[in-house]
Amino acid sequence: MPGLSSLHIAVFPGDGIGVEVMSECIRLLNVLCERDRRLSLVFEHLEAGADLYSRTGTALPDSALDRAARADAILFGAMGLPHIRYADGREVAPQLDLREAFNLYAGVRPVRPIPGLKPVLADERAARIDFVLVRESTEGLFARRQDGRMEGDRTATDVLEVTRGAVEKVSDFAFRLAAGRHSDRRATVTCVDKANVLSSLAFFRKVFDEVAKRHSNAADANHMYVDAAALNFVRRPWDFDVIVTENMFGDILSDLGAALLGGLGLAPSGDIGDDHAVFQPCHGSAPDIMGTGKANPIGMLLSAAMMFDWLAGRHGHDPCREAAADLRGAIDRAFEIGAVLPIELGGTDTASDVTNAIIAELGPKRLR
Ligand code: ATP
């Protein structure tokens, strides 16, 4: 990378509100670059998604994959539209293909409510909720989705695949993430599984335990069945620190995590591998509100902050580290002073009103 003077960001707006939240995000990222000349981002817009599939028969062109592979990071809106499906009934969702193509094994979904927002749970400990869900994103029940078998019109079978390599990688990632999270206490990584019923998930737990031993000087480890985890997401979510889990369990629990934040539109994510990373909000294309201005862009903007953190960690690049902190600070302040309340949360602010309020809170850059 040429002295990190410019970072090349591949941008997949995708479908539905993905396009809308992405354009707000790019507008805000350009403001970040204008206020700090040390930060330079070059965006390359790439087409993929259900709409592209309906026009061309291809959801994720190889050419777009090749270009994204050469980028420093990838931003992603949302993909999929319920009325555009493959012949077997599955939705066109190339984000799964992207995760597999780039081996983005760690789906990182932080659950930290924005301080200025009224907590969803009445318990006063809800203000302390701060955990990270790490979803194994390359295998599990979703990986063999093209191998589902139908026997006549009577039986349908899918395959849940768990490999030692992927569980080692995602568990190791979770422990490394946990080790850097607290300066005042030991971290805890919870393996969420269904090891009491499925041999594949008993194996997931066994491999997790082996990895946990290697990290025992830095973090504690425990286990929870996924049904108990769903209960505890509502009953005592402040007790979680880092969670690692199978692909589909992670998909479901991350929506529950978004509900703890206040809404799907608030939840960010990063799909991270050894060489590439994709940052996208947790929500889908939300065709019910597409084109209305009601899309909340906060999850997208917080995903961009995660991108800056990742780039900073990878390249030791201070302007990226500061951009992440400045962006999160501006979002927190905008909510704290009541400058913003998205329509999703009962307010009147459209996607562009929300972005404008955050840009106003960013203010001029103060060099550190
Ligand atoms: P997918 O399976 O592709 O993740 P989904 O079925 O979970 O998608 P979404 O498209 O995420 O569905 O939408 C679920 C609900 O949440 C919809 O009612 C939608 O309007 C709402 N929603 C999702 N994202 C946002 C957002 N950014 N702002 C406001 N509302 C949203």
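Computed from a predicted model, the values in this text were never measured in an experiment.

Criteria and cut-off values
- Residues numbered from 1 in each chain as written.
- Predicted model: local features only at pLDDT ≥ 70, side-chain atom pairs only at ≥ 80, totals over all residues.
- Heavy atoms only, no water.
- Helix = DSSP H or I, 4+ residues; strand = E, 2+ residues; numbered from the N terminus.
- Rg over C-alpha atoms; globule rule 2.2 N^0.38 Å.
- Buried < 20%, exposed > 50% of the residue type's maximum accessible area, 1.4 Å probe, protein only.
- Contact = heavy atoms within 4.5 Å.
- Near = heavy atom within 4 Å.
- Polar contact = N/O pair within 3.5 Å; in protein donor to acceptor, adjacent residues only side chain to side chain.
- Domains from an automatic or database assignment.
- Buried area = accessible area lost by both parts, 1.4 Å probe.
- Salt bridge = Lys/Arg side-chain N within 4 Å of Asp/Glu carboxyl O.
- Nonpolar A, V, L, I, M, F, W, Y, C, P; charged D, E, K, R; others polar.
- Pairing = 2+ DSSP bridges.
- Axes fitted to C-alpha atoms, helices over the stretch in contact; angles between N-to-C directions.

## Some details on the overall build of the protein
Okay, step 1: For the protein, the count of helices and strands is 11 helices and 12 strands.
Okay, step 2: A compact globule built from 368 residues would reach a C-alpha radius of gyration of about 21 Å, and the protein, at 20 Å, matches this within 12%.
Okay, step 3: With the C-alpha coordinates of the protein rotated into their principal frame, the extents come out at 55 × 55 × 45 Å.
Okay, step 4: Among the 368 residues that make up the protein, the fraction classed as buried is 53%.
Okay, step 5: Counting only contacts in the protein whose residues sit at least 6 apart along the sequence, the fraction spanning at least 24 positions is 75%.

## Some details on the site of the ligand
Okay, step 1: Within the structure, the ligand sits among 14 residues, and His283, Gly284, Ala286, Asp288 and Asn296 are positioned closest to it.
Okay, step 2: In the environment of the ligand, an oxygen atom lies 2.6 Å from a nitrogen or oxygen atom belonging to the backbone of Gly284.

## What about helix H4 (residues 94–101)?
Okay, step 1: Within H4, the full set of buried residues consists of Pro94, Gln95, Leu96, Leu98 and Arg99.
Okay, step 2: Those residues of H4 hidden inside the fold are in contact with helix H3 (62–70), strand E3 (73–78), strand E4 (106–111), strand E5 (131–136), strand E11 (268–272) and strand E12 (277–281).
Okay, step 3: Just downstream of H4, Asn103 is the residue with a positive phi angle, here 50 degrees.

## Some details on the domain arrangement of the protein
Reports often express the size of an interface as the amount of accessible area lost when the parts come together.
Okay, step 1: Here the protein is partitioned into domain 1 (1–105 + 266–368) and domain 2 (118–261).
Okay, step 2: The distance between the C-alpha centroids of domain 1 and domain 2 comes to 24 Å.
Okay, step 3: In total, domain 1 and domain 2 occlude about 1,300 Å² of area from one another, counting both sides; carbon and sulfur atoms represent 55% of this.
Okay, step 4: Sorting the residues of domain 1 by area buried against domain 2 places Arg90, Glu100 and Tyr105 first, and these three jointly supply 46% of that buried surface.
Okay, step 5: Applying the counting rule to domain 1 against domain 2 returns 1 salt bridge.
Okay, step 6: Where Asp274 meets Lys169, a salt bridge forms, and the shortest distance between an N and an O atom there is 2.5 Å.
Okay, step 7: Run the count over domain 1 and domain 2 and you get 2 residue pairs in polar contact (both at pLDDT 80 or more).
Okay, step 8: In terms of residue count, the dominant contributor to the side of domain 1 that touches domain 2 is H4 (4 residues).
Okay, step 9: Considering only residue class, the side of domain 1 that touches domain 2 consists of 6 nonpolar, 1 polar and 6 charged.

## Focus: the sheet that holds strand E1 (residues 7–14)
Strand pairing in a sheet relies on backbone hydrogen bonds, with the paired strands running either antiparallel or parallel.
Okay, step 1: As summarised here, the arrangement of the 10 strands in space is E2-E1-E3-E12-E11-E4-E5-E10-E8-E9, forming an open sheet in which the pairing is mixed. Each edge of the sheet is formed by a strand with only one pairing partner; in this case those strands are strand E2 (41–45) and strand E9 (219–225). Averaged over all adjacent pairs, the angle separating strand axes in this sheet is 25 degrees, with direction ignored.
Okay, step 2: Note: E5 against strand E10 (residues 242–245), 4 bridges, orientation parallel. Directly across from Val132, in E10, lies its bridge partner Val242.
Okay, step 3: The strands touched by helix H7 (residues 226–235) within the sheet are E5, strand E8 (187–193), E9 and E10, with E9 carrying the most contacts at an inclination of about 105 degrees.

## Looking at the pairing of E3
Okay, step 1: Summarising burial for E3: 6 of the 6 residues are buried, a large majority.
Okay, step 2: Taken together, the 2 bridges between E3 and E12 define a ladder with parallel strand orientation. Opposite Leu75, over in E12, you have Phe279 as the bridge partner.

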